[in-house]
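Read off the chains here:
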Amino acid sequence: MASENSPLLAYRLLGEEGVAFPANGAGGPGATSARKLSTFLGVVVPTVLSMFSVVVFMRIGFVVGHAGLLQALAMLLVAYFILALTVLSVCAIATNGAVRGGGAYFMISRTLGPEVGGSIGLMFYLANICGCAICVLGLVEAVLDVFGADATGPNGLRVLPQGYGWNLLYGSLLLGLVGGVCTLGAGLYARASFLTFLLVSGSLASVLVSFVAVAPRDIPLTPLPGPNGSSLPPRVGHFTGFNSSTLKANLAGSYARDYTTGAMMTFVSVFAVLFNGCTGIMAGANMSGELKDPSRAIPLGTIVAVAYTFFVYALLFFLSSFTCDRCLGRGTLLQEDYGFFRAISLWPPLVLIGVYATSLSASMSSLIGASRILHALAQDDLFGVILAPAKVVSRGGNPWGAVLYSWGLVQLVLLAGKLNTLAAVVTVFYLVAYAAVDLSCLSLEWASAPNFRPTFNLFSWHTCLLGVASCLLMMFLISPGAAGGSLLLMGLLSALLTARGGPSSWGYVSQALLFHQVRKYLLRLDVRKDHVKFWRPQLLLLVGNPRGSLPLLRLANQLKKGGLYVLGHVTLGDLDSLPSDPVQPQYGAWLSLVDRAQVKAFVDLTLSPSVRQGAQHLLRISGLGGMKPNTLVLGFYDDAPPQDHFLTDPAFSEPADGTREGGPPALSTLFSPPRAPGSPRALSPQDYVATVADALKMNKNVVLARACGALPPERLSRGSGGTSQPHHMDVWPLNLLRPRGGPGYVDVCGLFLLQMATILGMVPAWHSARLRIFLCLGPQEAPGAAEERLRALLSQLRIRAEVQEVVWGEGAGIRELEEEGYFENSGWGDAEAEALACSANALIRAQQGRSRSGGPGGPEGGDEEEGPATALTFLYLPRPPADPARYLRYLALLEILSRDLGPTLLIHGVTPVTCTDL
């Protein structure tokens with residue numbers, strides 16, 4: 001037979017995968033009435049036919065002839081062990097909830113998410129398409145071996161013309177028959193499958209009876225070509241009947257060259273042929289959309305089918321080894337006649353009927369399975385309009401659009417003629433899907449989700465993990481190149497779907513796994529083991545309206561240095577007077593804000609009668625365990641008119657917010673516009689300062705950010721390098737409003753400023769910024785001493801910075817204020833303190849002006865070239881006064897101190913953050 005001596009079957013996956021039916025529950029017509037198949041017709045029959053395929057008739061002798069009975073049984077045990085592991089995972093997932101149309105694709109996508117599920121679903125679909133083409137070509141070759149004009153077998157009728165065009169015509173006609181059955185619906189396919197099952201069963205029964213009833217005989221073998229194109233003398237193989245000598249001779253392996261391809265056979269190559277033919281274990285699961293009771297039918301039917309096919313394969317191996325010679329006479333029957341079943345059969349045409357029936361059934365199974373997978377992919381809208389035709393269904397729910405779509409692709413593949421190379425790829429694609437099913441079940445088991453309660457309990461994470469490893473191993477054994485290519489293709493498709501975005505309502509097992517692991521590690525993150533060497537900022541940024549706070553939101557994201565970052569918002573109100581919690585519906589908008597702004601932040605919202613109380617709530621309860629905010633970040637309280645950054649930021653422009661009909665609303669509609677200038681605020685000046693005082697009392701560091709909107713966009717971007725022009729970050733680590741702290745002395749707060757500036761300098765967008773530290777000298781202090789001490793400290797802290805000394809005390813009235821004690825703990829002065837703040841502000845602006853004018857020489861020195869500008873200024877934030885009555889004066893002094901300095905961070909640190917030890 002041409003199908004017997006064709007190399008096409010050497011790596012052929014015939015009869016792969018049965019049917020997946022419309023996504024019941026997706027709203028398709030007739031979805032409810034479609035579920036009417038029983039366990040036997042819906043699971044057992046398609047699974048048995050898929051696992052038998054043409055291998056049961058064409059490759060039994062091949063396996064036993066080369067591997068021997070013992071190794072053949074070992075191969076069978078290993079193959080079915082691998083398949084059984086996946087069957088256990090399939091049964092577990094199928095009994096954990098309603099499995100709709102799409103079979104394995106539905107299980108994988110609803111567990112691992114649309115990115116992985118969609119990529120594997122498309123690969124599974126392509127595998128079915130190529131599998132259908134292989135089955136049709138195999139059937140054409142089997143028919144032409146007997147009826148073709150070039151048939152070489154002794155019993156050929158030679159009535160059909162042959163050639164590429166004729167073969168394509170025969171394949172197209174057979175594909176038309178297969179497509180017609182599938183287009184008419186799953187009911188007709190089920191009846192056709194049952195008829196095929198009866199034919200195959202009858203054919204196998206005749207073969208089994210023939211082993212016992214047929215007398216010993218010699219069987220002519222196909223002549224081998226000799227030198228110069230001549231044929232070698234005729235050879236025969238021997239059917240000995242039940243003979244212990246024959247069995248003994250067939251026990252051990254005897255690998256030889258394949259008589260159809262000339263390739264030397266090995267254990268791996270023979271095992272690959274056997275494994276390729278019995279991997280159709282998903283056929284029953286893919287019938288999920290048509291089954292009356294999928295949760296019961298899939299486990300029961302699949303296990304029955306697997307057990308039945310294993311028994312038949314093992315029995316045929318044993319009978320072939322007991323009755324057919326491999327090493328006697330001039331020919332070797334098992335090794336050189338793949339179709340010897342027909343030669344020993346009581347009625348040989350019945351074996352041909354079995355071969356044709358299995359091939360036809362396999363092609364129908366692959367085509368209808370592919371169409372249901374495609375319909376499920378189209379319904380999920382993962383690949384856009386390219387799959388839109390596959391959504392069309394009939395009144396009865398039959399996706400005839402997907403059938404025609406798949407039929408057209410199979411017809412294109414048939415143009416290739418022979419698919420020897422694609423056969424291995426098809427098998428690998430199926431194994432990828434099986435591995436993904438095992439991985440899905442493994443993920444659900446490891447996630448320990450309370451809702452993972454399958455009624456089928458004969459599995460564990462050990463079986464799932466072993467199943468994943470076994471499938472991956474088989475992929476590389478069958479074809480290392482195809483295995484690597486399939487994994488690469490899956491990665492590219494997953495990246496494409498990730499970039500395109502997909503539905504988030506399916507549930508991602510990755511989130512459950514992350515929750516499980518994060519909870520475990522949070523419990524191990526012991527705050528009692530904290531050490532200053534590993535300190536990092538963990539920020540809580542209080543945001544009133546994000547439309548006016550985008551630059552600060554991004555700057556805080558750069559300051560966190562891999563630490564916790566929480567966006568906090570206080571909604572004013574009292575839950576007692578409200579019908580429901582107004583906070584919960586706001587989370588979606590804030591999470592969308594985080595995504596659009598591309599910051600790595602959590603969102604924490606609260607309801608409180610006042611902003612101050614809400615800030616206290618957030619400072620106390622935000623975070624978990626060792627991951628709690630240690631630094632409060634606030635925007636500065638001044639009279640600057642609020643800006644709407646949604647209007648100028650490209651990420652929040654209206655074209656980006658535009659959505660399809662029925663899509664989520666634009667972010668600009670979810671957050672109210674910034675308040676109008678002069679309108680009342682939600683937070684009073686007294687409460688603002690009180691919030692700062694509360695944070696310090698709770699041992700939290702405080703950062704007040706002013707004029708961050710003046711930062712150029714490249715300074716707030718996630719890219720590297722920022723602008724090529726160098727800039728300065730100026731750090732003033734001394735309290736400029738209390739000069740008696742001691743010139744040149746840097747305390748805990750000053751070191752905190754240095755640490756925050758150094759952290760920001762590590763961000764790629766700030767790499768070009770140079771760090772400058774200013775030391776203030778008193779009028780009586782000699783220059784150099786404080787600078788040396790600070791340089792030694794910076795060397796120990798591994799901080800590279802430029803140190804500059806400036807004379808402190810040149811401002812009007814400073815010496816008098818010191819002498820009169822205005823900077824003691826007794827309180828603040830009024831006009832004098834304001835003069836001090838003005839003097840400090842003028843001192844800072846003078847240093848900024850020198851940097852812009854080209855250095856200390858300035859224009860007077862003849863240097864007209866503009867020097868590096870100050871991009872950001874870090875100032876020491878004094879503690880608020882103890883008397884709340886002085887809060888307004890304190891805020892006014894801060895406003896004077898930081899006026900017209902450009903982007904400024906006023907920082908007060910209360911925790912040690914630097915360490916000189918290794």
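Analysis parameters
- Residues numbered from 1 in each chain as written.
- Predicted model: local features only at pLDDT ≥ 70, side-chain atom pairs only at ≥ 80, totals over all residues.
- Heavy atoms only, no water.
- Helix = DSSP H or I, 4+ residues; strand = E, 2+ residues; numbered from the N terminus.
- Buried < 20%, exposed > 50% of the residue type's maximum accessible area, 1.4 Å probe, protein only.
- Contact = heavy atoms within 4.5 Å.
- Areas by Shrake-Rupley, 256 points an atom, 1.4 Å probe, with all protein chains shown as cover.
- pLDDT = per-residue confidence, 0-100.
- Polar contact = N/O pair within 3.5 Å; in protein donor to acceptor, adjacent residues only side chain to side chain.
- Pairing = 2+ DSSP bridges.
- Salt bridge = Lys/Arg side-chain N within 4 Å of Asp/Glu carboxyl O.
- Patch = residues over 30% accessible without salt bridge, like charges linked within 9 Å, V, L, I, M, F, W, Y side chains within 5 Å.
- Lys, Arg positive; Asp, Glu negative; His and termini not counted.
- Charge placed at Lys NZ, Arg CZ, Asp CG, Glu CD.
- Core = buried A, V, L, I, M, F, W, Y, C linked by side-chain atoms within 4.5 Å.
- Disulfide = S-S within 2.5 Å.
- Phe/Tyr/Trp six-rings, centres within 6.5 Å; stacked < 30°, edge-to-face > 60°.
- Lys NZ or Arg CZ within 6 Å of the ring centre and 35° of its normal.
- Axes fitted to C-alpha atoms, helices over the stretch in contact; angles between N-to-C directions.
- Expected span 1.5 Å × (residues − 1).
- Parallel < 35°, antiparallel > 145°, perpendicular 65-115°, else oblique.
- Left-handed = near helix turned anticlockwise from the far one by under 90°.
- Nonpolar A, V, L, I, M, F, W, Y, C, P; charged D, E, K, R; others polar.

**Details of the overall build of the protein**
Part 1 of the reasoning: Along its length, the protein carries 29 helices and 12 strands.
Part 2 of the reasoning: Within the protein, the proportion of its 918 residues that are buried is 55%.
Part 3 of the reasoning: Considering only contacts in the protein between residues 6 or more positions apart, those separated by 24 or more positions represent 81%.
Part 4 of the reasoning: Accessible surface, the protein: about 38100 Å² in total, of which carbon and sulfur atoms supply 61%.

**What to know about the confidence of the model for the protein**
Part 1 of the reasoning: Looking at the protein, the pLDDT average stands at 80 and 82% of residues meet or exceed 70.
Part 2 of the reasoning: Under a pLDDT of 50 for its full length, residues 1-33 has, in the predicted model, 155 contacts with residues more than four places off or in other chains.
Part 3 of the reasoning: In the model, residues 855-865 has pLDDT below 50 throughout and makes 10 contacts with residues more than four positions away in sequence or in other chains.

**Section: the side chain of serine 610**
Part 1 of the reasoning: Here serine 610 lies in the loop between strand 5 (602-608) and helix 21 (611-621).
Part 2 of the reasoning: On the accessibility criterion, serine 610 (18% relative accessible area) is buried.
Part 3 of the reasoning: Side-chain polar atoms of serine 610 contact the backbone nitrogen of glutamine 613, separated by 3.2 Å.
Part 4 of the reasoning: Those residues in contact with serine 610 that sit more than four places away from it in its chain are Val570 and Leu572.

**A closer look at the pairing of strand 9 (residues 769-777)**
Part 1 of the reasoning: Of all the 9 residues making up strand 9, 8 are buried; the element is thus mostly covered by neighbouring parts of the structure.
Part 2 of the reasoning: Note: strand 8 (residues 727-732) against strand 9, 5 bridges, orientation parallel. Bridge pairing in strand 9 links histidine 728 to arginine 770.

**Some remarks on the pattern of salt bridges**
Part 1 of the reasoning: Scanning the entire structure with this criterion turns up 9 salt bridges.
Part 2 of the reasoning: Ionic pairing is found between arginine 612 and aspartate 694, a salt bridge with its closest N-O pair at 2.7 Å. In this pair, arginine 612 sits in helix 21 while aspartate 694 sits in helix 24 (residues 685-697), placing the two residues 82 residues apart along the sequence.
Part 3 of the reasoning: A relative accessible area of 28% means that arginine 612 is categorised as partly exposed.
Part 4 of the reasoning: Among the ionic pairs, aspartate 638 bridges to arginine 706, the shortest N-O distance being 3.3 Å. Placement of the pair is aspartate 638 in the loop between strand 6 (631-635) and helix 22 (654-657) and arginine 706 in strand 7 (residues 701-706), with a sequence separation of 68 residues.
Part 5 of the reasoning: Residue aspartate 638 is classed as buried on the basis of its relative accessible area of 16%.
Part 6 of the reasoning: Connected through shared salt-bridge partners, Asp638, Arg706, Glu895 and Arg899 make up one network.

**Focus on a positive patch on the surface**
Part 1 of the reasoning: A cluster of like positive charges, contributed by Arg519, Lys520, Arg524 and Lys529, occupies part of the molecular surface.
Part 2 of the reasoning: Among the secondary structure elements, arginine 524 is positioned in helix 18 (residues 509-524).

**Comments concerning the nonpolar core**
Part 1 of the reasoning: By size, the foremost hydrophobic cluster in this structure holds 150 residues, and its most contacted members are Phe57, Phe211, Phe275, Tyr313, Leu316, Phe317 and Phe341.
Part 2 of the reasoning: No other element matches the 20 residues that helix 3 (residues 60-94) contributes to this core.

**A look at the environment of proline 878**
Part 1 of the reasoning: Locating proline 878 in the fold gives a position in the loop between strand 11 (869-876) and helix 29 (887-897).
Part 2 of the reasoning: Sequence-wise, proline 878 and leucine 737 are 141 residues apart; in three dimensions their C-alpha atoms are separated by 7.4 Å.

**Some words on the pairing of strand 7**
Part 1 of the reasoning: Taking burial as the measure, the 6 residues of strand 7 include 6 buried ones, the bulk of the element.
Part 2 of the reasoning: The alternating pattern of strand 7 places Asn701, Val703 and Ala705 on one face and Val702, Leu704 and Arg706 on the opposite face, and all of these are buried.
Part 3 of the reasoning: Where strand 6 and strand 7 come together, 5 bridges link them in parallel fashion. Residue pairing across strands places glycine 635 opposite alanine 705, the latter belonging to strand 7.
Part 4 of the reasoning: Where strand 7 lies against strand 12 (residues 904-908), 5 bridges are found, and the strand directions are antiparallel. Of the residues in strand 12, the one forming a bridge with arginine 706 is threonine 904.

**Structural notes on the state of the cysteines**
Here a disulfide denotes a covalent bond joining the sulfur atom of one cysteine to the sulfur atom of another.
Part 1 of the reasoning: Counted under the stated rule, the structure contains 0 disulfides.
Part 2 of the reasoning: Of all cysteine sulfurs, the one in cysteine 441 lies closest to cysteine 91, which takes part in no disulfide; the gap is 9.7 Å.
Part 3 of the reasoning: When its relative accessible area of 0% is taken as the criterion, cysteine 91 is described as buried.
Part 4 of the reasoning: Between cysteine 132, a cysteine without a disulfide, and cysteine 135, which holds the nearest cysteine sulfur, the sulfur-to-sulfur distance is 6.6 Å.

**Quick word on the packing of aromatic side chains**
Part 1 of the reasoning: Scanning all chains against the criterion turns up 21 aromatic pairs.
Part 2 of the reasoning: Taking 4.4 Å as the distance between ring centres and 10° as the angle between the ring planes, the aromatic pair formed by tryptophan 732 and phenylalanine 774 counts as stacked. Residue tryptophan 732 is found in strand 8, and its partner phenylalanine 774 is found in strand 9; the two are separated by 42 residues along the sequence.
Part 3 of the reasoning: Residue phenylalanine 774 is classed as buried on the basis of its relative accessible area of 1%.
Part 4 of the reasoning: Each residue in the set Phe52, Tyr80, Tyr308, Phe310 and Tyr313 is aromatic and connected to the rest through ring pairs, giving one cluster.
Part 5 of the reasoning: Looking at arginine 715, its charged tip hangs above the ring of tryptophan 766, at a distance of 5.2 Å from the centre.

**Quick look at the side chain of glutamate 115**
Part 1 of the reasoning: Mapping glutamate 115 onto the fold places it in helix 5 (residues 114-147).
Part 2 of the reasoning: The exposure class assigned to glutamate 115 is buried, which follows from its relative accessible area of 19%.
Part 3 of the reasoning: If we ignore the near neighbours within four places in the chain, the residues touching glutamate 115 are Ser494, Leu497, Thr498 and Tyr508.

**Quick look at a nonpolar patch on the surface**
Part 1 of the reasoning: Residues Leu195, Leu199, Val209, Leu346, Trp347 and Ile353 make up a contiguous nonpolar surface patch of roughly 570 Å² in combined accessible area.
Part 2 of the reasoning: At 3 residues, the largest contribution of residues to the nonpolar patch is made by helix 7 (residues 186-213).
Part 3 of the reasoning: Tracing the backbone through its elements, the reader meets isoleucine 353 in helix 13 (residues 348-380).

**Structural notes on the sheet that holds strand 9**
Part 1 of the reasoning: Read from one edge of the open sheet, 10 strands run 5-4-3-6-7-12-11-8-9-10, paired in mixed fashion. The sheet terminates laterally at strand 5 and strand 10 (802-807), the two strands that pair on one side only. Recorded for the sheet is a direction-independent mean angle of 25° between the axes of neighbouring strands.
Part 2 of the reasoning: The strands that helix 25 (residues 748-761) touches are strand 6, strand 7, strand 8, strand 9, strand 11 and strand 12; relative to strand 11, the one it contacts most, it runs at about 150°.

**Some points on the environment of alanine 786**
Part 1 of the reasoning: As for its placement among the helices and strands, alanine 786 is situated in helix 26 (residues 785-797).
Part 2 of the reasoning: Under the relative-accessibility criterion, alanine 786 is labelled buried at 0%.
Part 3 of the reasoning: For the pair formed by alanine 786 and cysteine 776, sequence separation is 10 residues and the distance between their alpha carbons is 9.0 Å.

**Overview of unusual backbone geometry**
Part 1 of the reasoning: The phi torsion at lysine 561 lies on the positive side, around 50°, for a residue other than glycine.
Part 2 of the reasoning: Even without being glycine, asparagine 699 reaches a positive phi, approximately 60°.

**So, helix 6 (residues 164-183)**
Part 1 of the reasoning: Its 20 residues give helix 6 an end-to-end C-alpha distance of 27 Å, which sits within 8% of 28 Å, the value for a rise of 1.5 Å per residue.
Part 2 of the reasoning: Within helix 6, the full set of buried residues consists of Tyr170, Gly171, Leu175, Val178, Gly179, Val181 and Cys182.
Part 3 of the reasoning: Positive backbone phi, at 125°, marks glycine 185, one or two positions downstream of helix 6.

**Observations concerning the environment of aspartate 218**
Part 1 of the reasoning: For aspartate 218, the position within the fold is in strand 1 (residues 217-221).
Part 2 of the reasoning: Each C-alpha atom of the pair aspartate 218 and phenylalanine 239 lies 6.2 Å from the other, and the pair is 21 residues apart in sequence.
Part 3 of the reasoning: Here aspartate 218 is in contact with Val236, Gly237 and His238, once residues within four sequence places are set aside.

**Remarks on the packing of helix 5 against helix 13**
Part 1 of the reasoning: Interhelical geometry of helix 5 versus helix 13 gives an angle of 160° and a closest axis separation of 8 Å. In terms of axis orientation, helix 5 runs roughly antiparallel to helix 13. Here helix 5 and helix 13 pass one another in a crossing that is left-handed.
Part 2 of the reasoning: In terms of residue class, the contact of helix 5 with helix 13 is made up of 22 nonpolar, 7 polar and no charged.

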